[in-house]
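# Topology and contacts: notes
One-letter residues, chain by chain:
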2 protein chains.
Amino acid sequence: MSAPEESAGVSRRGLLGWAIGTGVAGLAVGAGAATAVAATQAGGAPVDEFAFEGPHQAGITTRVQDHLHFASFDMMPHASRDDLVSLLQDWSYAASRMAKGLDVSASGAVGGSPEAPPDDTGEAQGLGATGLTITFGLGPALFETEGDRFGIAARRPAVLVGLPAFVGDALDAAYTGGDLCIQACADDPQVAVHAIRNLSRIAFGRARLRWSQLGFGRTSRTSAEQQTPRNLFGFKDGTANILADDAKALAAHVWVGERDEPAWMAGGSYLVARKIAMLVETWDRLRLSEQDRTIGRAKGSGAPLSGGEEFTEPSFHGGRIDTNAHVRLAHPTVNDGVQILRRGYNYVDGNSDLGTLDAGLFFLSYQRTPEQFIGIQKRLSTDLMSEYIRHIGSGVWAIPPGAQKGSYVGAGLFA
Amino acid sequence: MSAPEESAGVSRRGLLGWAIGTGVAGLAVGAGAATAVAATQAGGAPVDEFAFEGPHQAGITTRVQDHLHFASFDMMPHASRDDLVSLLQDWSYAASRMAKGLDVSASGAVGGSPEAPPDDTGEAQGLGATGLTITFGLGPALFETEGDRFGIAARRPAVLVGLPAFVGDALDAAYTGGDLCIQACADDPQVAVHAIRNLSRIAFGRARLRWSQLGFGRTSRTSAEQQTPRNLFGFKDGTANILADDAKALAAHVWVGERDEPAWMAGGSYLVARKIAMLVETWDRLRLSEQDRTIGRAKGSGAPLSGGEEFTEPSFHGGRIDTNAHVRLAHPTVNDGVQILRRGYNYVDGNSDLGTLDAGLFFLSYQRTPEQFIGIQKRLSTDLMSEYIRHIGSGVWAIPPGAQKGSYVGAGLFA
């Protein structure tokens, strides 16, 4: 086994990386540069590399990748402000390298001394970036420490508070909350898992993994070129999502504005995660017409029951869509025009002792303020679908704007 | 909710399907036809459809797909021989359809009556076959029922018995054993999950899901065109695996021969599954030279420590490879020439309360008799790697030969 002082090895190298990077900070991307939105090459073929740096963090409007590893972390009880800053710096440095398909440090999985543990765990060697995005978030608890240990209480966004209780909540502490979160999305699950594993390792002594979730089968889309995927109820999901090229909707509903408070969040967003267990065996015994009525769309085509095809706007007059159909209660027309950008994934965690699948939807949504999600979720209290789902996990995090080159995610909070 | 008699709907349609299929049984594939071995198109591009029928079941020598959903089932206590036969028939019928990217029945997810539950759960609609293979197995317990309920005790393969205890076993009943197993592999995890979910649903009233496992990141290869993947220790895995085009090795080590007992297993194989937890955090703290010594190969290149490149045969003379290195103890030269065909997957099941990953290798191997695995696993009792792994799940199943067109997997057992 190796000497204890090696546990800070990545950190030292990380800081060295920043020192070098700072020299070229003048080359930082200009506001409005749409690096994270360059979702497809000409011809629609997906690109496999997304820049980590930019005005917004990657992994929000980025075309939705096929695989997710999401992780929630808690700061260690003794951790200081310096620990938090250095963690965000080291995480950003490693993330900027992994986004290019590189090891977490320049000495990597096998490039260091044979007599030291490798900086990188190695299982993603040779796989390339495969569309990896890493998105960091800060939870309400981080701003609520005893004695304001991190010195950030005064800079807390007023809207960053724990979510209220909703009808039908069945929350399990094992999938709820966390001081920090990381959303890793990629087209290869091994690349997403590698990212969370290595970022967790880098956090050693400063933060600890609290809970995590793997997801497959995106349940949304952020590009018109992406087909609408299906959730585990067999229905198309994300048909009416905000798309990455809809600058007006993004400005109105997703990005924190220049005039919103606090200023360090401008260009950021707020993430809500909900682990939603789906009682698939019960659902599967519903007759098709009842499944359609519950959602308000036809299972096969995805067309609203009011007529047309998948992308036809639903009409809530004439009674063909039930008052409590999911599509109606989630629709902007009954939510004062409010929209959210969804980015969820299907999950299967094995099965219960009864032989039923532990399966569901890991719901992720980005919005300008968590109040958008809260309003819609309250509206869904009479959703016909509620009988077949349980919200078992929950969290909300502030998503700072993207890092400038040579800086780190969250730098504005500590400036 | 629908009427109870509908729960047998798929079964009735399944039997109808067989009745039609039987009319063309004379067109069944000849012995030796290599339908399941047609792993790649000209140019190396993977094909996305593998025939379910053939002399051998698909999913053994088939090029290893990227995703796994494995499931173990128990027959219900009251189930009869007829129930077992009809289950295998219905499973085979549905599997033959899903292998073509079709719904589990002709009326499918939306094609039936709106007043009945759909036969197919629908989440794989539009995804195609994406290389799906479904492989069925029969466990020792199926032949050991009280009063020989299924009437098959006399036809039991003598080698199909529970595995012995091995040094370092830490088996959990929650991931061990089962009367029947299904290995679903595909290039899209949603397609593999859809297969297990629908086959589980078809089993209703006859068999019940006992345990299941999702896997990603194949840790082996069965085609020279496939790159050697890496396991979660960051090492290339499967370098020296049996390849699908090595007919001599397959005949010697994988397929049950015409002269082996019992005759109904000719063209079949035996599957061993081991859920192997990997203590990745401990492993990651080992210095690189110790990781290399443990495996007996170099982490970066995969070359044996005796020299050369990845595919150079290791030399166990000269002391450069430790006597207890994994590569040596698993090598045919110290196992009387015995080989097995490996087909494992990496898994991550979330994390422990301590913040460590619940991660490892879901080991799958196919062999002509389970004694091949038993011999190698006994040899591995002094494996240097044992300190960093725990076998937490286990199972062994007889894998009957492939179904002939119009027949079903296991038909020979009941003939």
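Residues numbered from 1 in each chain as written. Chains lettered and ligands numbered in written order. Predicted model: local features only at pLDDT ≥ 70, side-chain atom pairs only at ≥ 80, totals over all residues. Heavy atoms only, no water.

### Topic: the UniProt feature "domain: Dyp-type peroxidase N-terminal" (unreviewed entry) in chain A
Mapped onto the present numbering, the UniProt feature "domain: Dyp-type peroxidase N-terminal" (unreviewed entry) falls at residues 57–216 of chain A. End C-alpha to end C-alpha, residues 57–216 of chain A measures 21 Å, and it is 20% helix and 20% strand. (UniProt positions renumbered as here; feature names shortened; annotations may be inferred. Helix = DSSP H or I, 4+ residues; strand = E, 2+ residues; numbered from the N terminus.)

### Examining the packing of aromatic side chains
Residues and elements named next belong to chain A. Summed over all chains, the structure comprises 28 aromatic pairs over all chains. Measuring from ring centre to ring centre gives 5.9 Å for Phe166 and Phe373, while their planes differ by 90°; the resulting arrangement is edge-to-face. In this pair, Phe166 sits in the loop between β2 (133–138) and β3 (180–186) while Phe373 sits in helix α8 (residues 370–379), placing the two residues 207 residues apart along the sequence. Exposure class is identical for Phe166 and Phe373. Each is buried. Considering the side-chain rings of Phe363 and Phe373, the 5.7 Å spacing of their centres and the 45° angle between planes classify their relative orientation as tilted. One end of the pair, Phe363, is in strand β8 (residues 357–367); the other, Phe373, is in helix α8, and 10 residues separate them in sequence. Given a relative accessible area of 3%, Phe373 falls into the buried group. Put simply, the rings of Phe52, Phe73, Trp91 and Phe136 pair up and form one aromatic cluster. For the cation-ring pair, Lys275 lies above Tyr347, with the distance from its terminal atom to the ring centre recorded as 4.8 Å. (Phe/Tyr/Trp six-rings, centres within 6.5 Å; stacked < 30°, edge-to-face > 60°. Buried < 20%, exposed > 50% of the residue type's maximum accessible area, 1.4 Å probe, protein only. Lys NZ or Arg CZ within 6 Å of the ring centre and 35° of its normal.)

### Points about the relation of the copies chain A and chain B
The transformation that overlays chain A on chain B combines an axial shift of 0.0 Å with a rotation of 180°, and the residual RMSD is 0.0 Å. With respect to symmetry, the two chain copies, as superposed, fit the operation of a two-fold axis. Measuring from the rotation axis to each C-alpha of chain A, the shortest distance belongs to Asp349 of chain A, at 3.5 Å. In this assembly, 100% of the residues forming the interface of chain A have copies in chain B that are likewise at the interface, indicating an isologous arrangement. (Least-squares fit on C-alpha atoms with pLDDT ≥ 70 in both. Contact = heavy atoms within 4.5 Å.)

### Regarding the interface of chain A and chain B
The partner chain B presents 56 residues to the 56 residues of chain A that form the contact. Between chain A and chain B lies a buried interface of about 4600 Å² when both sides are counted; carbon and sulfur atoms form 56% of it. Counting across the interface, chain A meets chain B through four salt bridges. The residue Glu115 of chain B makes a salt bridge to Arg287 of chain A at a minimum N-O spacing of 2.8 Å. For the pair chain A and chain B, the number of links is 26 residue pairs in polar contact (both at pLDDT 80 or more). Looking at the side of chain A that touches chain B, the elements with two or more residues in it are β1 (67–75), α3 (189–202), β4 (207–218), α5 (280–284), α6 (288–295) and β7 (345–351) of chain A. By residue number, the principal contributor to the side of chain A that touches chain B is β4 of chain A, which donates eight residues. (Buried area = accessible area lost by both parts, 1.4 Å probe. Salt bridge = Lys/Arg side-chain N within 4 Å of Asp/Glu carboxyl O. Polar contact = N/O pair within 3.5 Å; in protein donor to acceptor, adjacent residues only side chain to side chain.)

### Comments concerning helix α3 (residues 189–202) of chain B
All names here are of chain B. Over its 14 residues, α3 extends 20 Å from the first C-alpha to the last, a length consistent with the 20 Å expected when each residue adds 1.5 Å. Summarising burial for α3: 13 of the 14 residues are buried, a large majority. Sitting at the amino-terminal end of α3 is Asp188, which places a side-chain oxygen 2.8 Å from the backbone nitrogen of Gln190. (Expected span 1.5 Å × (residues − 1).)

### Details of helix α6 (residues 288–295) of chain B
All names here are of chain B. Burial within α6 is extensive, with six of its eight residues counted as buried. What α6 keeps buried is the set Leu288, Glu290, Gln291, Asp292, Thr294 and Ile295. Buried-residue contacts for α6 involve α5 (280–284) and α7 (326–329). In the segment just after α6, Gly296 is the residue with positive phi, at about 90°.

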